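Examining the three-dimensional arrangement
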Amino acid sequence: MAVPDEPVTADDASANGATANGATANRARPDGTAVSGPRPRGHAVFITVGAALVLGFLGVFFAWPVVAILRLGLGSGLGAVLTAPETWRIVAFTLGQAAASTVLAIVAGMPLAYLLARVPVPGKALLRALITVPFVLPTLVVGMAFRALLGTAEPNAWAIVLANAFFNVAVVARTVSGLWTQLDPRATDAARSLGAGPFRAFRTVTLPALRPALWSAAAVVFLFCSTSFGVVLVLGGGRYRTLETEIYLRTVRLLDLSGAAALSLLQFAAVLAALAVAAVARGRRENVLALRRSRAAVRRPSGVEWVPVGCAVVVLGALAAPIVALLVRSVNARGGWSLAGYRALSGTGGVLDVSGWQAAWNSLRTATDATWMSLLLGVLACLVLTSLRSRWAAELMDAALMLPLGVSAVTVGFGYLVTLHVLPGDLRTSPLLVPFAQALVITPLVIRTILPVLRSVDRRVRAAAATLGAGPWRIRREVDLPLAGRAVVTAAGFGFVVALGEFGATGFLARPEAPTLPVAISTLLSRPGELNTQMAYAACALLMLVTAGAVLVIETLRSDSSGEF
């Protein structure tokens with residue numbers, strides 16, 4: 001069945017009576033939003049089966065392991081952990097560095113958002129890719145890049161703040177620019193014509209309109225920063241610890257499950273609060289997106305408009321500095337320029353049980369498996385979310401699917417080891433164990449990329465397909481998926497590069513004889529010796545180049561949609 005070139009309204013369809021399969025289509029308002037009415041036959045079955053599959057996967061591979069760890073750990077000693085001053089010092093540092101990183105990321109991201117939304121920049125796809133590269137870099141690589149830039153391995157709290165802000169600037173720039181592009185510039189022009197200066201017009205007109213996107217971006221960045229693992233592990237050096245690294249320390253090294261469980265509860269509460277803020281902000285944003293896009297909004301800056309452009313150039317230079325420092329450090333040993341680290345990656349017999357290239361192959365294999373798993377789960381979840389009539393039901397399910405982002409990956413990984421042996425086949429020994437954990441991490445990103453595109457599809461097209469006799473599965477297959485095809489490809493690319501660098505769960509679950517590249521980097525960093533350090537920097541450089549290349553390809557395929565990222 002082909003998608004009609006011109007959408008047929010449901011009113012047109014209803015004028016012809018019942019559909020060929022006996023179902024009647026939804027009527028739709030002129031803006032494309034559906035009104036209540038009968039759905040195509042099989043619609044309820046589709047929602048029920050789809051929701052059961054998605055929530056079943058989430059229950060088995062996320063809720064069950066997490067609850068098992070909490071039940072195992074919550075017992076005697078919980079009160080002592082919660083009343084210990086050290087616990088609340090860690091909580092304070094976690095929230096403090098996350099808040100400082102969020103503020104810094106917003107300040108640095110706003111000029112970039114202006115550049116993306118309002119300035120006609122040649123090669124804007126390349127610019128978006130450059131801004132996005134830090135976000136898709138493995139957190140271990142980000143930590144190593146800042147260690148190379150600062151030239152010291154001493155613990156540094158400000159380095160953690162800078163690195164987390166560096167990692168998340170792209171979230172602010174892309175989220176805010178997506179809304180800024182939609183704003184009608186005539187409101188600002190009217191304020192200027194009434195005598196308001198550029199700053200006052202921005203403060204009183206543009207900034208309030210951007211506030212929903214700013215809150216949404218701030219909540220997401222705060223969430224990422226408060227659960228940061230690799231950055232704190234490398235730059236904190238054991239002196240500065242967050243809840244995430246403390247959970248890892250207590251679970252893996254001290255076997256203090258009670259303490260880890262108590263800290264997991266605190267982290268879970270923080271995640272729920274951040275998700276609630278994001279859900280409210282996202283709801284407001286969808287209303288604002290009803291504003292039309294104006295091509296006249298993109299124009300050559302004049303006068304003081306060059307100030308944010310200049311700030312954006314400075315931020316771009318700051319984003320490039322750690323990356324360049326890492327590349328230089330990978331070929332610069334204590335004795336001078338050297339490719340010893342890259343050559344050593346091809347050998348075995350050192351601290352690694354496999355060669356660096358074998359570790360890279362393991363990364364590619366597990367990332368591929370995690371990507372197809374997350375695509376199956378994410379696409380099905382998006383189809384269910386766009387089919388639910390109840391907004392509250394959709395918001396609750398959406399929030400539930402975002403929970404894996406904020407729960408410690410170490411907790412999930414350890415939960416796998418104590419629960420999955422109950423299932424047939426004992427998944428603990430399966431090579432799919434690591435991909436399962438990575439798929440949980442990247443599925444929220446897949447959903448956030450595809451869901452806004454599906455929600456923007458005119459429901460009248462679906463109604464027209466229903467009047468022609470298409471069932472719910474055929475409508476989804478032949479209407480929604482072709483229109484969202486580019487978003488699916490983009491989500492697959494982003495999911496792949498994020499899985500490539502995932503370390504939290506992978507570091508806990510990967511076997512010594514089959515490490516991924518981030519696990520190999522962590523092993524090399526934990527051992528003394530200049531050659532081990534050179535190999536770690538070389539592996540980081542390779543991982544960074546692969547992810548940067550993937551992002552460039554993604555940007556060439558990316559549709560000009562109003563996605564959240």
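All values reported here derive from a predicted model rather than from experimental measurement.

1. Quick look at the overall build of the protein chain
Secondary structure summary: the protein chain contains 24 helices and 2 strands in total. Burial status across the protein chain gives 53% buried among its 565 residues. For the protein chain, long-range pairs separated by at least 24 residues make up 80% of all intrachain contacts whose partners lie at least 6 apart in sequence.

2. Some words on the pattern of salt bridges
Two side chains of opposite charge can pair, provided their charged atoms sit close to one another. Under the criterion given, the structure shown has 6 salt bridges. When the shortest N-O distance is used, the salt bridge between Arg 241 and Glu 86 registers 2.7 Å. Pair noted here: Arg 241 is in the loop between helix 10 (230-236) and helix 11 (243-253) and Glu 86 is in helix 4 (residues 85-118), with a separation of 155 residues, a long-range link. Overall, the relative accessible area of 28% leaves Glu 86 in the partly exposed class. One salt bridge connects Arg 241 with Glu 246, and the closest N-O pair in it is separated by 2.9 Å. By relative accessible area, Arg 241 is classed as partly exposed at 24%. A relative accessible area of 2% means that Glu 246 is categorised as buried. Each of Glu 86, Arg 89, Arg 241, Glu 246 and Arg 250 takes part in salt bridges that share partners, so that together they form one network.

3. Some thoughts on the packing of helix 15 (residues 356-387) against helix 20 (residues 472-483)
Close contact between helix 15 and helix 20 brings their axes to 12 Å; oriented N to C, the two are set at 100 degrees. Considering their axes alone, helix 15 and helix 20 lie roughly perpendicular with respect to each other. Contact with helix 15, carried on its side by Val 379, Leu 383, Thr 386 and Ser 387, involves Arg 476, Asp 480 and Leu 481 of helix 20 and no other residues of that element. Considered class by class, the residues forming the contact of helix 15 with helix 20 number 3 nonpolar, 2 polar and 2 charged.

4. Looking at the packing of aromatic side chains
All told, the structure shown has 12 aromatic pairs when counted by the stated rule. Summarising the aromatic geometry, the rings of Phe 57 and Phe 61 are spaced 4.8 Å apart at their centres and angled 40 degrees between planes, so their arrangement reads as tilted. On the criterion of helical spacing, the pair formed by Phe 57 and Phe 61 is a turn pair, its members being 4 residues apart in helix 2 (residues 43-73). The same class applies to Phe 57 as to Phe 61, namely buried. Aromatic pair Phe 61 and Tyr 416: ring centres 6.4 Å apart, planes at 75 degrees, arrangement edge-to-face.

5. Digging into the packing of helix 4 against helix 11
Helix 11 packs onto helix 4 with a crossing angle of 140 degrees between their chain directions and a minimal axis gap of 9 Å. Relative to helix 11, the element helix 4 is oriented oblique. On helix 11, the residues that touch Thr 87, Ile 90, Val 91 and Thr 94 of helix 4 are Leu 243, Glu 246 and Arg 250.

6. Thoughts on the nonpolar core
The biggest cluster of nonpolar side chains holds 153 residues, and the ones touching the most others in it are Val 176, Trp 180, Leu 401 and Tyr 416. When residues in this core are grouped by element, the largest group, 15 residues, is from helix 7 (residues 157-180).

7. A short note on helix 17 (residues 409-419)
Most of helix 17 sits out of view: 9 of its 11 residues are buried. All of the buried residues along helix 17 are Ala 409, Val 410, Thr 411, Val 412, Gly 413, Phe 414, Gly 415, Tyr 416 and Thr 419.

8. What about the confidence of the model for the protein chain?
Mean pLDDT over the protein chain works out to 78, with 85% of the residues at or above the 70 mark. A low-confidence stretch, residues 1-37 stays under pLDDT 50, and its non-local contacts, those more than four residues away or across chains, total 66 contacts.

9. Re a nonpolar patch on the surface
Nonpolar side chains collect at one region of the surface, where Val 45, Val 49 and Leu 53 lie side by side and expose about 270 Å² of accessible area between them. Within the secondary structure, Leu 53 sits in helix 2. Judged by relative accessible area, which is 52%, Leu 53 ranks as exposed.

10. A look at the side chain of Gln 97
With respect to the element layout, Gln 97 can be found in helix 4. Using a relative accessible area of 3% as the deciding quantity, one classes Gln 97 as buried. There is a polar contact of 3.2 Å between the side chain of Gln 97 and the backbone oxygen of Thr 94. Each residue touching Gln 97, except ones within four places of it in the same chain, is listed here: Ile 160, Val 161, Asn 164, Cys 225, Ser 226 and Thr 242.

11. Considerations on the environment of Leu 543
For Leu 543, the position within the fold is in helix 24 (residues 530-557). You can call Leu 543 buried: its relative accessible area is 3%. Once the C-alpha coordinates of Leu 543 and Leu 517 are considered, the two residues, 26 residues apart in sequence, prove to be 7.7 Å apart. Once residues lying within four places of it in the same chain are set aside, the contact partners of Leu 543 are Pro 138, Val 141, Leu 500, Leu 517, Pro 518 and Ile 521.

12. Structural notes on helix 19 (residues 459-467)
Among the 9 residues of helix 19, 7 are classified as buried, and the element is accordingly described as predominantly covered. Backbone geometry just after helix 19 places Gly 469 at a positive phi near 105 degrees.

13. What about the side chain of Gln 438?
Inspection of the secondary structure assignment puts Gln 438 in helix 18 (residues 433-455). Look at Gln 438 and you get buried, because its relative accessible area is 1%. With near-sequence residues (within four places) excluded, Gln 438 lies in contact with Thr 366, Ala 367, Ala 370, Ala 499, Glu 502 and Thr 506.

About the criteria used
Residues numbered from 1 in each chain as written. Predicted model: local features only at pLDDT ≥ 70, side-chain atom pairs only at ≥ 80, totals over all residues. Heavy atoms only, no water. Helix = DSSP H or I, 4+ residues; strand = E, 2+ residues; numbered from the N terminus. Buried < 20%, exposed > 50% of the residue type's maximum accessible area, 1.4 Å probe, protein only. Contact = heavy atoms within 4.5 Å. Salt bridge = Lys/Arg side-chain N within 4 Å of Asp/Glu carboxyl O. Axes fitted to C-alpha atoms, helices over the stretch in contact; angles between N-to-C directions. Parallel < 35°, antiparallel > 145°, perpendicular 65-115°, else oblique. Nonpolar A, V, L, I, M, F, W, Y, C, P; charged D, E, K, R; others polar. Phe/Tyr/Trp six-rings, centres within 6.5 Å; stacked < 30°, edge-to-face > 60°. Core = buried A, V, L, I, M, F, W, Y, C linked by side-chain atoms within 4.5 Å. pLDDT = per-residue confidence, 0-100. Patch = residues over 30% accessible without salt bridge, like charges linked within 9 Å, V, L, I, M, F, W, Y side chains within 5 Å. Areas by Shrake-Rupley, 256 points an atom, 1.4 Å probe, with all protein chains shown as cover. Polar contact = N/O pair within 3.5 Å; in protein donor to acceptor, adjacent residues only side chain to side chain.

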